[in-house]
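Listed here are the chains, written in short residue letters.
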Amino acid sequence: MKFERFLSAVSKARKPSPIRMATALMLRSPPSTISLGGGSPNPCTFPFRKLYVEISNGTNIRIEGKEMDRALQYSQSDGIPELKDWLKRIQKHFHQPPLMNDSNENELDLCVTVGSQDGLTKVFEMLLSPGDNMLLDDPNYPGSLAFLQPLPINLLPVDTDEFGMKSSSLREALSAWKPSDVLNPNSDIPKVLYTIPNCGNPTGASASTGRKLEIYKIAREYDLIIVEDDPYYFLQFNETVAPSYQQLDTDGRVIRSDSMSKVLSSGMRLGWISGAKPFIDRLVLHQQATLLHNSTLIQMLVWKLLEKWKLEGFQKHLKETKTFYESQKNVMIESANKWLTGLAEWNVPQGGMFLWIKLLGIDDTTELIQKRAMEKEIILIPGSAFSVKENVKSSYCRASFSLSSPENIDEGIRRLAELVREELDRKHK
Ligand code: PMP
């Protein structure tokens with residue numbers, strides 16, 4: 001693949017920071033090396049001494065002495081090597097990326113980011129130039145839309161259904177171009193496709209293997225990069241799940257975003273981007289110029305947790321987490337069946353934390369949800385908040401089953417049903 005073709009001018013212009021290079025060099029050097037080069041402060045002046053963290057099985061993680069000095073210090077921009085090793089092992093276990101077996105320049109690498117949000121925005125900055133056309137799921141995650149909508153680019157919404165992005169709609173969105181336009185450097189043919197393949201936010205939809213194969217085939221035909229935003233990957237309820245795009249990717253055209261937010265902690269802000277090395281190298285240069293790196297302390301905590309748990313412990317934790325969310329989902333579906341039958345429609349999500357509900361007979365839920373739902377003391381998100389194009393009406397709303405107790409889920413859905421009934425009555429008066 002010609003990776004250069006996809007890089008924005010800003011990304012191409014990024015150069016390694018000499019100071020960051022000196023830090024990385026020092027961290028790799030033998031202890032006898034004398035560094036007068038870096039700008040690291042002396043940790044003997046820091047007030048923190050040690051950290052003991054109790055984890056759920058009653059054991060502890062301890063960071064003290066030299067390790068504490070390290071945890072409080074600057075570190076590598078792509079992440080501390082021990083955590084990177086663990087994340088690569090996780091990547092290999094869950095996705096068996098074909099690129100990981102390559103010994104050529106396309107080999108897979110990863111960069112630790114501050115949650116996946118940080119990584120995604122850096123990927124967008126790397127790939128998008130003013131005037132570009134970009135393909136993406138519609139509806140979509142407002143966090144990404146908040147970054148993308150103000151950019152001087154053209155967003156091309158692609159319809160989704162209960163299996164995620166529709167390949168027929170993708171072909172339709174691309175119908176203004178021919179695959180051979182890729183050869184014309186002045187063509188505005190899209191280069192980037194952004195998709196949330198599993199337990200989508202907001203729709204809860206997961207793409208089937210068949211769908212993914214169709215989409216990947218189109219991506220090859222039109223030479224598209226697939227940005228696979230998959231923070232709910234670990235929350236898929238079924239034992240057997242469809243392969244990720246990364247697992248299908250033999251070219252290096254998939255850039256994958258992962259996150260520990262839904263399974264270890266959202267407040268810790270730990271995510272990672274993985275993909276072909278030429279892309280990850282560019283991302284690391286961005287990291288050098290902005291954040292420098294994710295918190296060394298947080299990275300060490302997660303590394304030590306994984307070291308203690310091993311892959312088996314991590315999987316056991318994922319299983320328990322999924323069991324919790326699946327039972328929450330079951331409560332919401334039961335309540336929806338009880339209260340919303342005849343008033344609304346929905347698909348049962350295969351994972352994640354969202355139910356995407358279509359309110360029948362209501363063209364736009366925005367006012368209903370933003371004003372009248374508040375009066376009934378129920379908070380939901382109107383479908384319009386997820387539209388790729390602004391000011392679009394939507395009959396949908398998103399209900400989350402992550403945080404509320406089973407009783408409150410049931411009462412919330414009952415209140416929603418009451419609200420819909422009142423709204424329909426008002427319309428028919
Ligand atoms: N992508 C999607 C689809 C999300 O739903 C979220 C979080 N709500 C994120 C990315 C960002 O997650 P984080 O930065 O916490 O990893």
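Given the structure is predicted, the values throughout are model-derived calculations rather than measurements.

**A word on the overall build of the chain**
Turning to step 1, where the next piece is worked out: From N to C terminus, the chain includes 13 helices and 14 strands.
Turning to step 2, where the next piece is worked out: The C-alpha radius of gyration of the chain comes to 23 Å, within 12% of the 22 Å expected for a compact globule of 429 residues.
Turning to step 3, where the next piece is worked out: By its C-alpha atoms, the chain is 85 × 60 × 35 Å across when sized along the principal axes.
Turning to step 4, where the next piece is worked out: Counting all 429 residues of the chain, 53% fall into the buried class.

**What about the domain arrangement of the chain?**
Turning to step 1, where the next piece is worked out: Parsing the chain into structural domains produces domain 1 (3-13 + 77-311) and domain 2 (318-428).
Turning to step 2, where the next piece is worked out: A straight line from the C-alpha centre of domain 1 to that of domain 2 covers 28 Å.
Turning to step 3, where the next piece is worked out: Of the residues lining the interface, 29 residues belong to domain 1; the matching set on domain 2 comes to 23 residues.
Turning to step 4, where the next piece is worked out: Interface area, domain 1 with domain 2, both sides summed: about 2300 Å², of which 64% is carbon and sulfur.
Turning to step 5, where the next piece is worked out: Looking at the side of domain 1 facing domain 2, the largest losses of area belong to Pro202, Leu235 and Phe237, adding up to 30% of the total buried there.
Turning to step 6, where the next piece is worked out: Here domain 1 is connected to domain 2 by zero salt bridges.
Turning to step 7, where the next piece is worked out: Those elements giving two or more residues to the side of domain 1 that touches domain 2 turn out to be strand 4 (133-138), helix 6 (142-148) and strand 5 (154-161).

**Concerning the site of the ligand**
Turning to step 1, where the next piece is worked out: The environment of the ligand is made up of 14 residues, and the closest members are Ser116, Asp229, Tyr232, Ser259 and Ser261.
Turning to step 2, where the next piece is worked out: One of the side-chain nitrogen or oxygen atoms of Asp229 is found 2.7 Å away from a nitrogen atom of the ligand.
Turning to step 3, where the next piece is worked out: Contact distances for the ligand include 3.2 Å between a nitrogen atom and a side-chain N or O atom of Lys262.
Turning to step 4, where the next piece is worked out: Calculation on the ligand without its partners gives an accessible area of 400 Å², and the protein chains cover 91% of this total.
Turning to step 5, where the next piece is worked out: Ranked by residue count, the leading element in the shell around the ligand is helix 5 (residues 115-127), at four residues.
Turning to step 6, where the next piece is worked out: Grouping the constituent residues of the shell around the ligand by class yields five nonpolar, six polar and three charged.

**Some details on the pairing of strand 9 (residues 254-259)**
Turning to step 1, where the next piece is worked out: Extensive coverage of strand 9 is indicated by the burial of six of its six residues.
Turning to step 2, where the next piece is worked out: With four bridges joining them, strand 9 and strand 10 (residues 271-276) adopt antiparallel strand pairing. What sits directly across from Ser257, in strand 10, is Ile273.

**A look at the sheet that holds strand 14 (residues 396-400)**
Turning to step 1, where the next piece is worked out: With respect to topology, four strands assemble into an open sheet ordered 11-12-14-13, the strand pairing being antiparallel. The open sheet has two edge strands, strand 11 (344-346) and strand 13 (381-382), and neither has a second partner.

**A few points about the packing of aromatic side chains**
Turning to step 1, where the next piece is worked out: Tallied over the full model, the rule gives twelve aromatic pairs.
Turning to step 2, where the next piece is worked out: Seen in terms of ring centroids, Phe94 and Tyr233 are 5.9 Å apart; in terms of plane orientation they differ by 85°. Their pairing is edge-to-face. Taken together, the residues span a long stretch of sequence, with Phe94 in helix 4 (residues 81-95) and Tyr233 in the loop between strand 8 (225-229) and helix 9 (245-248) at a distance of 139 residues. There is no split in this pair, since Phe94 and Tyr233 are both buried.
Turning to step 3, where the next piece is worked out: With a centroid separation of 5.6 Å and 80° between ring planes, the pair formed by Tyr233 and Phe234 is classed as edge-to-face. Of the two residues examined, Tyr233 and Phe234, each falls in the buried class.
Turning to step 4, where the next piece is worked out: Three or more aromatic residues joined by ring pairs form one cluster here, namely Phe94, Tyr233, Phe234 and Phe314.
Turning to step 5, where the next piece is worked out: Residue placement shows Arg89 over the ring face of Trp86; its charged tip is 4.0 Å from the ring centre.
Turning to step 6, where the next piece is worked out: Above the ring of Trp303, the side-chain terminus of Lys304 is found at 5.1 Å from the ring centroid.

**Brief notes about helix 8 (residues 209-221)**
Structurally, the α-helix is built with 3.6 residues per turn, so residues lying three or four positions apart point the same way.
Turning to step 1, where the next piece is worked out: Compared with an ideal rise of 1.5 Å per residue, which puts 13 residues at 18 Å, helix 8 spans 18 Å between its outermost C-alpha atoms and is within 8% of the ideal.
Turning to step 2, where the next piece is worked out: Where helix 8 is concerned, the buried positions are Arg211, Lys212, Ile215, Tyr216, Ile218 and Ala219. All buried residues of helix 8 project into a common sector of 160° when viewed along the axis, lining one side.
Turning to step 3, where the next piece is worked out: Taken from the residues just after helix 8, Asp223 is the one with a positive phi, measuring 50°.

Rules of the game
- Residues numbered from 1 in each chain as written.
- Predicted model: local features only at pLDDT ≥ 70, side-chain atom pairs only at ≥ 80, totals over all residues.
- Heavy atoms only, no water.
- Helix = DSSP H or I, 4+ residues; strand = E, 2+ residues; numbered from the N terminus.
- Rg over C-alpha atoms; globule rule 2.2 N^0.38 Å.
- Buried < 20%, exposed > 50% of the residue type's maximum accessible area, 1.4 Å probe, protein only.
- Domains from an automatic or database assignment.
- Contact = heavy atoms within 4.5 Å.
- Buried area = accessible area lost by both parts, 1.4 Å probe.
- Salt bridge = Lys/Arg side-chain N within 4 Å of Asp/Glu carboxyl O.
- Near = heavy atom within 4 Å.
- Polar contact = N/O pair within 3.5 Å; in protein donor to acceptor, adjacent residues only side chain to side chain.
- Areas by Shrake-Rupley, 256 points an atom, 1.4 Å probe, with all protein chains shown as cover.
- Nonpolar A, V, L, I, M, F, W, Y, C, P; charged D, E, K, R; others polar.
- Pairing = 2+ DSSP bridges.
- Phe/Tyr/Trp six-rings, centres within 6.5 Å; stacked < 30°, edge-to-face > 60°.
- Lys NZ or Arg CZ within 6 Å of the ring centre and 35° of its normal.
- Expected span 1.5 Å × (residues − 1).
- Arc of directions from axis to C-beta.

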